[in-house]
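Understanding the architecture of this molecule
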Amino acid sequence: MGAIDVHLLKRRAEFEEQSTFFYLNHPVRFISIVGIIVARTEYPALTILTVDDSSGATIDVIVYKVPVTEDDNNQSARSGKDSRAGDLQSAYATKHVAATNKTALDATALVPGTVVRIKGTLSMFRGTMQVQLERVSVIQDTNAEMRFLDQRSRHLVEVLSVPWSLTEEEMVKLRYEADEEEERLEEEQEKIKRRQRRRIEREEKDQRRIQKLWEREEKQRAKEALYCRDAGARFMRDFKERKV
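Figured I'd write up the structure that's included with this text. (Residues numbered from 1 in each chain as written. Predicted model: local features only at pLDDT ≥ 70, side-chain atom pairs only at ≥ 80, totals over all residues. Heavy atoms only, no water.)

**A few points about the sheet that holds strand β2 (residues 21-23)**
Put simply, the rule is: Whether two strands pair comes down to DSSP finding at least two bridges between them. Elements are defined by DSSP. Helices are runs of H or I of four residues or more, strands are runs of E of two residues or more, and each kind is numbered from the N terminus.
Spatially, 3 strands are ordered β1-β2-β3 in an open sheet, and the strand pairing comes out antiparallel. Both outer strands of the open sheet, β1 (10-11) and β3 (26-28), are each paired with one neighbouring strand and no more. Bridge count between β1 and β2: 2 bridges; the pairing is antiparallel. Note on β2: the bridge partner recorded for R11 is F21.

**Some remarks on a nonpolar patch on the surface**
Which entries qualify depends on this criterion: Like-charged residues within 9 Å of one another, or nonpolar side chains (Val, Leu, Ile, Met, Phe, Trp, Tyr) within 5 Å, are grouped into patches, provided each residue has over 30% relative accessible area and no salt bridge. Using the Shrake-Rupley algorithm and a 1.4 Å probe, accessible areas are obtained, with residue cover drawn only from the displayed protein chains. By definition here, a salt bridge exists when the distance from a side-chain nitrogen of Lys or Arg to a carboxyl oxygen of Asp or Glu is within 4 Å.
Nonpolar side chains collect at one region of the surface, where W164, L166 and L174 lie side by side and expose about 270 Å² of accessible area between them. Here L174 lies in helix α5 (residues 168-243).

**Brief notes about unusual backbone geometry**
Put simply, the rule reads: Burial classes: relative accessible area under 20% of the type maximum marks a residue as buried, over 50% as exposed, and values in between as partly exposed (1.4 Å probe, protein chains only).
Phi is positive for S54, close to 65°, though the residue is something other than glycine. Relative to the helices and strands, S54 resides in the loop between β5 (46-52) and β6 (58-65). A relative accessible area of 67% places S54 in the exposed class.

**So, helix α4 (residues 142-160)**
Our working rule: A helix is expected to span 1.5 Å for every residue after the first. Each C-beta atom gives one direction from the helix axis, and the arc is the one those directions make. Any two residues whose heavy atoms approach within 4.5 Å are treated as being in contact.
If you check α4, its first and last C-alpha atoms are 25 Å apart, about what 19 residues at 1.5 Å a residue would give, namely 27 Å. Of the positions making up α4, those classed as buried are F148, R152 and L160. The buried residues of α4 occupy one face: seen down the axis, they fall within an arc of 45°. Away from its buried face by more than 90 degrees, α4 exposes T142, N143, R147, V157 and E158. Along its buried surface, α4 packs onto β2, β3, β4 (30-42) and β9 (115-125).

Put into structure tokens, the structure is as follows:
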């Protein structure tokens with residue numbers, strides 16, 4: 001899609017929790033954009049790339065960072081990089097991850113002036129559409145960029161601009177699949193509940209066994225203590241009698 005088309009996407013109330021947006025009646029969750037990075041802004045938890053794809057609008061691409069650990073802070077403090085250029089290079093070298101599966105992303109080459117192909121999921125921040133980066137690749141030549149623009153135009157005309165409709169057979173099939181999925185989820189939930197009940201029963205059984213073992217040991221310790229007390233009393237009595 002073009003960035004200008006991304007900003008035209010709408011959200012429906014029944015799909016708000018699924019991060020699904022709509023172009024006409026087409027559901028859209030993932031998009032791909034080719035454009036030039038015109039700005040890069042660093043924040044502690046993320047990097048924002050502003051991409052211009054010549055469609056008439058720009059789009060912000062969110063690239064999440066790996067949380068900084070205490071060891072990273074100590075190493076940064078020991079490095080002693082105080083210059084602005086050093087800080088900028090250090091910020092660009094921060095580890096980034098994909099938004100969904102948290103796999104590592106190399107963002108060192110994603111600097112202003114670079115033409116890239118962005119693939120990501122959609123989100124909205126303060127009423128503005130954003131792309132959460134999942135995959136990225138650098139476009140090496142103009143031919144690759146033009147091929148993507150041709151694909152984008154074809155997809156807009158042949159797919160997105162045509163109302164999405166389903167036949168009665170397709171609707172019946174989808175309802176059947178939805179019912180099967182619901183039954184599967186209910187079975188999974190029931191299995192989870194059964195496993196939880198069995199685990200609780202095992203824990204209660206182990207607790208009763210441990211309690212009984214502890215009570216037997218307490219009785220044995222009390223019996224041994226009583227025996228030691230009586231033996232000590234007899235010893236002291238016999239000792240006194242021998243001494244007299």
